[in-house]
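Here is what each chain is made of, one letter per residue.
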Amino acid sequence: MQHRLSKITLAMLSATALNMSASALAQDAQANADDDYEVIQVTGIRSSLTSALAEKRESNNLVEVIEAVDIGKLPDQNLAEVLENVTGIQITRTAGVGTGVQIRGTNSNRTEINGVSTVGSGAGRSGISFEDVSAGIIAGVEVTKSPEAKTIEGSVGGTVNLKTIRPLQLNDTLISVRVQGENSSLSTDSTFTPRLSGTFGDNWDTDNGEIGVVVSLNYAEQDVTAFRPRADRDNSVAADSGAASAQEFDFLPIQFFVQDYDNYEYESTNIAATFEWAPREELKLFFDAVINDQERRQESSRIQASGISGLKDLAAPSEFETVDFGSLGGQDLGSIQAAVRGVIPIDEDGSDGNLRFSGDTNSRLTKSEIYRIGGEWTGDNFKVSAELSSSSSDTTTPSFNTTLNFINPNSPLDAEALLANHFENEANGNEDLYDSNENGTPFIYDLTGNALTFGVATGEANGPTSEQLLDPANVVLRDVAIGQNVAENSEDAFRTDFTYYLDGVVTSVDVGFRYSKVNSLRDEITTSVGLREFADSPTGDLFAELLVPGPTNFNDADGRELYVRDFLLIDAERVASDPDGVLDILNDAIVANNAITGSTRGPISSPTSSSAAFFDIEEKTTALYAQGNFSYEMFRGNFGVRYLKTDVTSRGNSVTNDVVTAVTTESDYDFVLPRINVVADVHDDVVVRAGWGKDIRRPDFDDLSTSFTFSTSPNPAVQLGNPGLAPEEVTSFDLSAEWYFAEASMVSLGIFHKKRSDLHVTQQDDPYEDPVTGFRDITDPCEQGGIFNPIADINVFGPIGTGVCVPTSQKINDTGETTQKGIEFAVQYDLAGFEDDLGWASGFGVIFNYTIQEFSGGEAEDSATSRANTVFALTTGVEDIDVSAVQGLLDLSENSYNFTLYYEKYGLSARMRYTWREGYRSTDFGSTSSLPWGFPVVQEDRGQLNASINYDINEQFNVGIEAVNITESEVEQRCINEGALLCYQGLTDRRITLGASYRF
């Protein structure tokens, strides 16, 4: 017998406004609703919620659906933040903007557009970046958590499918425009950046059949700013050290300060177009095109207080705090005092600490294109479809990053003394006298109140004045790094699917074939120069036309009084508009400086391709699937198997003694992936689901590469590829129950369980650092760990110069099995049905979801640095302690929830959403990829409040305002463990968007 739907479910189905993939069951339900029941007409928020629940309700596997309130009007402007509305999804942000999506605690997911696989701008596998696609061209989002046999492989957490409008489903001509402006509370540009979008869609009955067209255009600019102060305290002064700064107790002194000012300026153009033609009832042809063009330009600055680690035995803090490290790897790490307030004077000889001003002008210019052409034929008892698709992403990352050293004119080693030392060293033929291009500047700091604040101690002895900090004659050029890196990713695919309909328990059988070819190419085109001696470094007055004062509003986010206000940078806007001209001016300054100092420093060269960093990877995959769909009394669902075989060819270069040799490696693998989904309609409005299946996750492309590259910084680990890295395997089980108790209302409870083997984990090898001096090995090879980097600045890790042992990082397959499991709870309740009782209050509704999850298992470990172990020896009393801990899953919050309150009545539509996630481990640690203690940091619990209000002036005209991060919630990161040592902050902006839309 066929299960009969309730009135509530039928009404939900009849109100579905944008049903992208209406099934036969939904069509039958619609007909029954028209015949037997009054159709409930809903619009706006309720329409989108009703439509989404109808799709979820009728699906034969576990999916989550979000649909637009109106054309191009999803709940949020940013697609990552749109997905944050879904149960079991958390997101990560860059400068406050959603960029990363974790489904059930993992980043290992896939993104499709209209069912077509997308490729990203980097080396990852998750597909197109969510910041590259405007929500304005997307009509709906579907997240598949429990895959079917026909679902393309490659996801651990889930598959995100972004859907555009299908023209043959339109009932009327669609013409709409939207104009908006966005403002950032922290941007130095106070104007509103524009957002413009428009959609046209229609279909026509002709002598040659029905034809439909939809075109959506979106143009947006965005100015995003975040402040990120950082303080490193990963060194120690023992009570019995005899140092001038020693106390009656062991303590952590100041090691390093950073004041990051991050500014990203986005300019995005998005086009989505669909053409559909049904020449006859049983045949439909289609062509889809989605084109995205994004420019993300960075105009950021960094203030660094370096060299202060060498003053730990001299600078005595004036105030301390107790830091409890908690436990790692079963080892209680104890507690220690840490410096929170004090002054760091300059060294007696005037050499340390050092003040540096950096300008980061990295950009990302990405053009992505997704095309799909195909058709389907429906017969009496079968359907066959075929399509060709192409997805590509071409990215260049122009960068022109510079660092200036401040030469404190009040230091004993002022510019005159440094130059005199240079000439004397030249005359004596040695380097006995200090002639570095950096000298001492005093600092003051206050880390109390969970705020990492520091500044230049202008009131202390030898302290510079504001005028001296802004004098071009007091800065010298230290570093220049120029890049024009290229990343090209593409996937071309052909698929065909055949469905045969049956009469019986098995209602239909699906079989299909898919062939895809994926390419990923990287070409690193760079040049860099590091100037370390005063004689080699031109002073700022030789290139003063390029210098501008840095931003002065670092206190806007939290009202701090202590920060570096006065500093100089090379003009980022001039760098962006005329990089060649800027390079010419810097080279002219080098020539002029050589005439003064007698230096033989050559010019900064133009960027060239690095043979050692080049790679080109090709994958060819053949996939077959067979799936049976069944329905018997209350039960329905599907079962099947997917088989795939992949051939991988990796091309790179090996460089030995400047001789470049092409290296090609080949490998292949195949998998059989069984999948089953069972749905039970146990009551009119109660659905129980169960799903079981297997999937794989392929390695990121750069993790397969045989090539690697060096940085001029001694901090980042050199990323070594691993061509033998195998795909992860995951076995997933889902069980859930859903109760659709009223229109646009539902309660659901589900559990999931995932077993993962061959997990991709990071293996880092750190160089040894002397616990007393902090020095590393500066000769090749590095017998005590790491790899020798010939171009890295030695910095604080040895005497002045370049060439030092640095960490290495490589992805490997974890030999242990890991488990992810969790519980998802969601409730959605709309009061529209109580209008007679509640009146105006019936416009309210609530949405709430909660996810609790955990990760366990694995054998790969993170290990403490040698300097960290020195600290732990003090806190535990274990002299030769070596702390390590099994790696957890990055970016996984064990607890998270969303709460949305909305109101819709009398033309007013308002929504307020609060999102909270518990602390999680992260490798996003400011402007460096290294972790001072050897372990990922913990990003502490954080909540964010967003809201929007829209009002319909009439049926066509709407005005609205949206606010993101209303409370300007900040980011806190702790080193070692939650609640332990505060080492990083992220102070993000509030963004306000005003706009109006008109629908013709």
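Keep in mind that this is a model prediction, so the values were computed, not measured.

What follows is about the overall build of the chain. When helices and strands are counted, the chain shows eleven helices and 53 strands. Expected size for 1000 residues packed as a compact globule is a radius of gyration near 30 Å; at 30 Å, the chain falls within 12% of this value. Projecting the C-alpha coordinates of the chain onto the three principal axes gives extents of approximately 100 × 60 × 60 Å. Scored against the burial criterion, the 1000 residues of the chain give a buried share of 57%. Accessible surface, the chain as shown: approximately 38900 Å² in total, 51% of it carbon and sulfur. Placing the 68 positive and 153 negative side-chain charges of the chain at their respective mean positions leaves the two points 7 Å apart.

This part takes up the state of the cysteines. For the coordinates displayed, the defined rule picks out two disulfides. In this model, Cys782 is linked to Cys805 through a disulfide, with the two sulfur atoms separated by 2.0 Å. With the S-S bond torsion at -100°, the cross-link from Cys782 to Cys805 turns out left-handed. Of this pair, Cys782 sits in the loop between strand 37 (760-765) and strand 38 (787-793) while Cys805 is found in strand 39 (residues 802-806), placing the two residues 23 residues apart along the sequence. There is a disulfide in this structure between Cys975 and Cys983, and the S-S distance comes to 2.4 Å. In this structure the cystine formed by Cys975 and Cys983 twists about its S-S bond by roughly 105°; its chirality is therefore right-handed. For the pair formed by Cys975 and Cys983, the shared burial category is buried.

On to helix 11 (residues 866-876). Within helix 11 the residues assigned to the buried category are Arg867, Ala868, Asn869, Val871, Phe872, Ala873 and Thr875. Tucked into the core, helix 11 has its buried residues touching strand 11 (251-252) and strand 18 (335-344). At the C-terminal side of helix 11, Gly877 shows a positive phi close to 80°.

Turning our eyes to something else, we now look at the side chain of Arg698. Note that Arg698 resides in the loop between strand 33 (686-697) and helix 9 (701-704). Side-chain polar atoms of Arg698 contact the side chain of Glu153, separated by 3.2 Å. Here the side chain of Arg698 touches Thr646 through a polar contact of 3.1 Å, side chain to side chain. In this view, Arg698 contacts Arg125, Glu153, Glu619, Thr621, Leu644, Thr646, Tyr669, Pro727 and His760; residues no more than four positions away in its chain are not counted.

Look at helix 5 (residues 415-428): 20 Å from first C-alpha to last across 14 residues, which is about the 20 Å you get at 1.5 Å a residue. Those residues of helix 5 that sit buried are Leu418, Asn421, His422 and Asn425. Summarising the axial view, the buried residues of helix 5 lie within an arc of 105°, below the 170-degree limit, and thus occupy one face. Exposed and oriented more than 90 degrees from the buried face of helix 5 are Glu416 and Ala427.

Hydrogen bonding along the main chain pairs the strands of a sheet, whether they run parallel or antiparallel. The strand order 34-40-37 describes an open sheet built from three strands, whose pairing is mixed. Strands at the two margins of the open sheet, each flanked by one partner only, are strand 34 (718-720) and strand 37. For this sheet, the mean inter-axis angle between neighbouring strands, taken without regard to orientation, is 30°.

The subject of this paragraph is the environment of Ser306. Examined against the element boundaries, Ser306 turns out to sit in strand 14 (residues 300-306). Here the alpha-carbon distance between Ser306 and Thr50, two residues 256 residues apart in the chain, equals 57 Å. Ignoring anything within four residues of it in the chain, the contact list for Ser306 reads Phe256, Gly353, Asn354, Arg356, Asn795 and Val796.

Here the amide bond leading from Asp352 into Gly353 is cis, since omega sits at -10°, within 30 degrees of zero. Relative to the assigned elements, Gly353 resides in the loop between strand 18 and strand 19 (354-360). Cis rather than trans, the peptide bond between Asp780 and Pro781 has omega equal to 5°. The backbone phi angle of Ala744 is positive, close to 55°, even though this residue is not glycine. Inspection of the secondary structure puts Ala744 in the loop between strand 35 (728-742) and strand 36 (745-757).

A separate point is the nonpolar core. Membership of the largest hydrophobic core comes to 46 residues, with the highest contact counts inside it found for Phe257, Phe357, Phe543, Ile570 and Leu586. Per-element accounting of this core gives the leading share, six residues, to helix 8 (residues 579-597). Ignoring anything within four residues of it in the chain, the contact list for Phe257 reads Arg230, Ala231, Ile303, Gln304, Ala305, Ile308, Ile344, Tyr445, Leu447 and Phe454. Counting 27 residues, the second largest nonpolar core, distinct from the first, contains Leu79, Ala80, Ile89 and Ile370.

As a further point, take the side chain of Thr915. Locating Thr915 in the fold gives a position in strand 46 (residues 908-917). The class of Thr915 is buried, set by a relative accessible area of 8%. Polar side-chain contacts of Thr915 include one of 2.8 Å to the side chain of Asn898. In terms of polar contacts, Thr915 uses its side chain to reach the side chain of Arg913, at 2.7 Å. If we ignore the near neighbours within four places in the chain, the residues touching Thr915 are Glu84, Tyr897, Asn898, Arg942, Gly943 and Gln944.

Let us look at the pattern of salt bridges. Across all of its chains, the model carries 68 salt bridges by this definition. Of the charged contacts in the structure, one is a salt bridge between Arg104 and Glu824, with a shortest N-O distance of 3.0 Å. One end of the pair, Arg104, is in the loop between strand 3 (97-103) and strand 4 (110-113); the other, Glu824, is in strand 41 (residues 818-830), and 720 residues separate them in sequence. Judged by relative accessible area, which is 1%, Arg104 ranks as buried. Taking relative accessible area as the criterion, Glu824 reaches 7% and is therefore assigned buried. Between Glu112 and Arg110 there is a salt bridge, with its nearest N and O atoms 2.9 Å apart.

Procedures and definitions
- Residues numbered from 1 in each chain as written.
- Predicted model: local features only at pLDDT ≥ 70, side-chain atom pairs only at ≥ 80, totals over all residues.
- Heavy atoms only, no water.
- Helix = DSSP H or I, 4+ residues; strand = E, 2+ residues; numbered from the N terminus.
- Rg over C-alpha atoms; globule rule 2.2 N^0.38 Å.
- Buried < 20%, exposed > 50% of the residue type's maximum accessible area, 1.4 Å probe, protein only.
- Areas by Shrake-Rupley, 256 points an atom, 1.4 Å probe, with all protein chains shown as cover.
- Lys, Arg positive; Asp, Glu negative; His and termini not counted.
- Charge placed at Lys NZ, Arg CZ, Asp CG, Glu CD.
- Disulfide = S-S within 2.5 Å.
- Contact = heavy atoms within 4.5 Å.
- Polar contact = N/O pair within 3.5 Å; in protein donor to acceptor, adjacent residues only side chain to side chain.
- Expected span 1.5 Å × (residues − 1).
- Arc of directions from axis to C-beta.
- Pairing = 2+ DSSP bridges.
- Axes fitted to C-alpha atoms, helices over the stretch in contact; angles between N-to-C directions.
- Core = buried A, V, L, I, M, F, W, Y, C linked by side-chain atoms within 4.5 Å.
- Salt bridge = Lys/Arg side-chain N within 4 Å of Asp/Glu carboxyl O.

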